[in-house]
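Structural overview for review
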Protein chains: 2
Amino acid sequence: MSGQRIIVIGGVAAGMSAASQAKRRQPSAEVVVFERGTRISYGACGMPYNIEDPSRDIEDLVVLTPDQALKRDIELRLRHDVVALDTERRVVTVRNLEAETELEEPYDALVIATGAHAIHLPLPGFDLPGIFHLRNLDHGRLIKSQIAEHSPSKAIVLGAGYVSMEMCNVLTELGLKVQILKNRPRILRGWSEETVAVVVDELNRHGVEIHTGMNITGAEAGTDGNVTALTTDQGPYPTDFILQAVGVQPNVNLAVEAGLRIGETGAIWVDQYQQTSAEGVWAAGDCAEAYHRILRRNVWIPLGTTANKHGRIAGANAIGAGQQFAGVVGTTGFKFFDLEVARSGLGLEQARTEGFEPVWVTIKQQSRAHAYPGASPIQVTLIADGPTGIFLGGEIVGREGAAMRANVLATALASHMTVADLQGLDLIYSPPFAPVWDPVLVAANQLIKKVGRTV
Amino acid sequence: MSGQRIIVIGGVAAGMSAASQAKRRQPSAEVVVFERGTRISYGACGMPYNIEDPSRDIEDLVVLTPDQALKRDIELRLRHDVVALDTERRVVTVRNLEAETELEEPYDALVIATGAHAIHLPLPGFDLPGIFHLRNLDHGRLIKSQIAEHSPSKAIVLGAGYVSMEMCNVLTELGLKVQILKNRPRILRGWSEETVAVVVDELNRHGVEIHTGMNITGAEAGTDGNVTALTTDQGPYPTDFILQAVGVQPNVNLAVEAGLRIGETGAIWVDQYQQTSAEGVWAAGDCAEAYHRILRRNVWIPLGTTANKHGRIAGANAIGAGQQFAGVVGTTGFKFFDLEVARSGLGLEQARTEGFEPVWVTIKQQSRAHAYPGASPIQVTLIADGPTGIFLGGEIVGREGAAMRANVLATALASHMTVADLQGLDLIYSPPFAPVWDPVLVAANQLIKKVGRTV
């Protein structure tokens, strides 16, 4: 029996996972990947750490080369842009960006893995040299060569999410004086005040300034054409390097034009099998929604690990495996300077918005038993639904052991544990790893006193 | 209303937790702690790390001093040995070891927290100077002064459990040449061959020799009275320092003589409220059994963290709180040299003995995304029941992130997850913390292929 023809649109994390999974499960399948760019399967999340080390090539981040993909018998068409999708006839229209030709390609099953793109602020001067995004390898390469060739001394980071925090660290390490500029007063939207306070301390401790409350109006260049200042309604901020990291948006144009259902989040709606509203079409990764296990509906949280899982499931289901995505619980985190910052589940505001009656605690504890050298403070925030005691989410921040402890929260959330369940966990104790009461248990011991009544 | 009179036997982890909890919940209660030794509430698990640093006093490990306990209004009687218990009359007979007098003391509620003791091999010469245990602070002090004053050069460690591994590291760091001697060929009983192989590599890499297969017959002294050799049926092993770390036994004499039920494990039987078979008598810590959540019956796994939890529950229940111990799942671990070694749940042999039909995998993976420097291999072994897919336990060993990942297993075991549940976890991904597929997920992805059929 000859296999099906499976077309995958997009060759990064979700797309290549889907292609590989389909081919592994059905070697007779013809698997074709159309990728608009020149590279496949790279670890975009690793870009800040690569930029920090001028001796490393940005190409180090490529996980799978085209040659390796071909060895898996996956047909790769780089610089091919899928410009139209007809789900009735099961064909896509593909534009060869080199030859400038267009062809129709038929499929039995289609996986859309078109990813997301960085938001460009539509401001005068924002196309100047010296103003960057950080979303794909070309962005990373441009930043590296700018730093190598122009040795900028003052950077402005727009936005205050994970990538911004990581890049504040990287740019500081590379010798730049860094400022974060934001119109709104809060950084790390959706995180607790307690976690944000620790993050702000860490930024300050490393000389990163945070300026908020202005409206950004544009950017100005000097005689060499490179940016020299960010302009705002409160005057100019001199700079020779600007990173726009104000968020991303899903690439859904193709799906919209093909009439696929778009979710309330703005990303492509999928069911728990990653199938879109069209028969024979799956979506995976940053362009697609993901099922949220606590909220029991779709959300859009674009992350590399979810993209890989989505891709694997979409690829399996494209050849009829019928696999279900277990869903996300909102586990995310980052490291910057000496701090690990991690969370899982709902934040306080989100819990309220979703109709819970949250109670919460924040505790500080040492990361190890006092007998073992090298302990450092770790701060745990836990949130529960007051009336039911259901654990809703938590944040952990500290110099060590913070991120891995968020996995305990993620695992507890996956099985809808109560605070009492959390309190009863048999977590590891040994002086090098934890105090006799793990910080998560200390927080649970406190939170349980608030459960059963709302605040 | 005046409170009850609560007597606690034993003033270390479980005992002081019980006393503090009872007093906190019922300030009017009269709480009396009888402790045979001269110290309370010390972190015995920290002794190896204290011994490693000659500049630190062993007293650094005391968590709560008698003065601090008195401030909590807990009545402390050090050097008082409880020699008899009459559960009908609710009195204990207490011997003052200083005054050599005996008194009867009445109680409303009694908490037995008599701990465990190191097993002494009954061999000729095993009372010689230079032969040590490591169970209480006096043992630790003796070892420190022996090393400081006699500068031993060759150590033999008897036994091959956690304390042995930790002490192999410590003694090597202090400049001793270390040998492990065992009659049986396996070290780390109950752990997988795969984990043991990594541990043995680490011992070898640091020059620790492992000798097995001999019967130990005794020890010999030199002219100065200090040990000079361990004797075996295969000849003598010259040494000037021997650590006996062949295991511990619960201190149950008092309970046996009082007619309390002793469990099949040899420790004091308790229900999930930590109550013994006698009305008004609770037991906590290393002298007591603990409920096991997977096996759904009592086990005896003496650990500091369990002792603290037991104590808290026994203390609360002594004043009528009716708290239930959630149980253990067998989470343990240790660090030695550069290796973290951790587990949770059942081992393979244990799973078989308990009537499961285990399937298992062992995988090796990097601890971080390749984009982030400093990754090291991490080995994960997962075990499940073949027919049902229920996750039974796992072991993790590596240079970083191993111990904290065992907490994911512990949390999964607490809610009786299947391998599919484990595979669906939304664990954290960021290059400094984990690869895009966390090692635990990689192992689950492999193990799921074996579930549904037994091997």
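Here is what the cut-offs are and how they apply
Residues numbered from 1 in each chain as written. Chains lettered and ligands numbered in written order. Predicted model: local features only at pLDDT ≥ 70, side-chain atom pairs only at ≥ 80, totals over all residues. Heavy atoms only, no water. Helix = DSSP H or I, 4+ residues; strand = E, 2+ residues; numbered from the N terminus. Buried < 20%, exposed > 50% of the residue type's maximum accessible area, 1.4 Å probe, protein only. Contact = heavy atoms within 4.5 Å. Buried area = accessible area lost by both parts, 1.4 Å probe. Salt bridge = Lys/Arg side-chain N within 4 Å of Asp/Glu carboxyl O. Polar contact = N/O pair within 3.5 Å; in protein donor to acceptor, adjacent residues only side chain to side chain. Least-squares fit on C-alpha atoms with pLDDT ≥ 70 in both. Domains from an automatic or database assignment. Pairing = 2+ DSSP bridges. Axes fitted to C-alpha atoms, helices over the stretch in contact; angles between N-to-C directions.

Bringing unusual backbone geometry into the picture now. Residue and element names in this part refer to chain B. Phi at Ser41 takes a positive value of approximately 45°, unusual for a residue other than glycine. By the secondary structure assignment, Ser41 is in the loop between strand E2 (30-35) and helix H2 (47-52). Overall, Ser41 belongs to the buried group, its relative accessible area being 11%. Phi is positive for Arg296, close to 55°, though the residue is something other than glycine. Here Arg296 lies in the loop between strand E19 (290-292) and strand E20 (297-299). When its relative accessible area of 56% is taken as the criterion, Arg296 is described as exposed.

Across the boundary between the two partners, chain B contributes 57 residues, which contact 57 residues of chain A. When the buried area of chain B at its contact with chain A is split by residue, Met404(B), Asp426(B) and Ile428(B) rank highest and sum to 15% of it. Along the contact surface separating chain B from chain A lie zero salt bridges. The tally of links from chain B across to chain A stands at 17 residue pairs in polar contact (both at pLDDT 80 or more). The element best represented in the side of chain B that touches chain A is helix H10 (residues 402-414) of chain B, accounting for nine residues.

So, about the relation of the copies chain B and chain A. Between the two copies of the chain lies a relationship made up of a rotation around an axis and a movement along it. Screw-axis analysis of chain B against chain A gives a translation of 0.0 Å along the axis, an RMSD of 0.0 Å, and a rotation angle of 180°. Taken together, the turn and the small shift mark the pair as related by a two-fold rotation axis. A shared binding surface is used by both copies, with 100% of the interface residues of chain B retained as interface residues in chain A.

Another point: the domain arrangement of chain A. Note: interface size is frequently given as the accessible area lost on complex formation between the parts. Residue and element names in this part refer to chain A. Taken domain by domain, chain A comprises domain 1 (5-41 + 63-117 + 249-318), domain 2 (120-246) and domain 3 (339-450). Its C-alpha centre places domain 1 at a distance of 36 Å from the equivalent point of domain 3. Every contact between the two is made by six residues of domain 1 and, on the other side, eight residues of domain 3. Taken together, both faces of the contact between domain 1 and domain 3 bury some 590 Å²; the carbon and sulfur share is 61%. On the domain 1 side of the interface with domain 3, the three residues burying the most area are Arg293, Ile294 and Leu295, jointly 75% of the side's total.

Moving on, we get to the sheet that holds strand E25 (residues 391-398) of chain B. Residues and elements named next belong to chain B. With antiparallel pairing, the five strands of this open sheet are ordered in space as E21-E22-E25-E24-E23. Looking at which strands have only one partner, the edges of the open sheet turn out to be strand E21 (332-336) and strand E23 (358-366). Averaged over all adjacent pairs, the angle separating strand axes in this sheet is 10°, with direction ignored. Bridge analysis of E21 against strand E22 (residues 339-345) gives five bridges, and the strand direction is antiparallel. Across the sheet, Phe336 pairs through a bridge with Leu339, a residue of E22.

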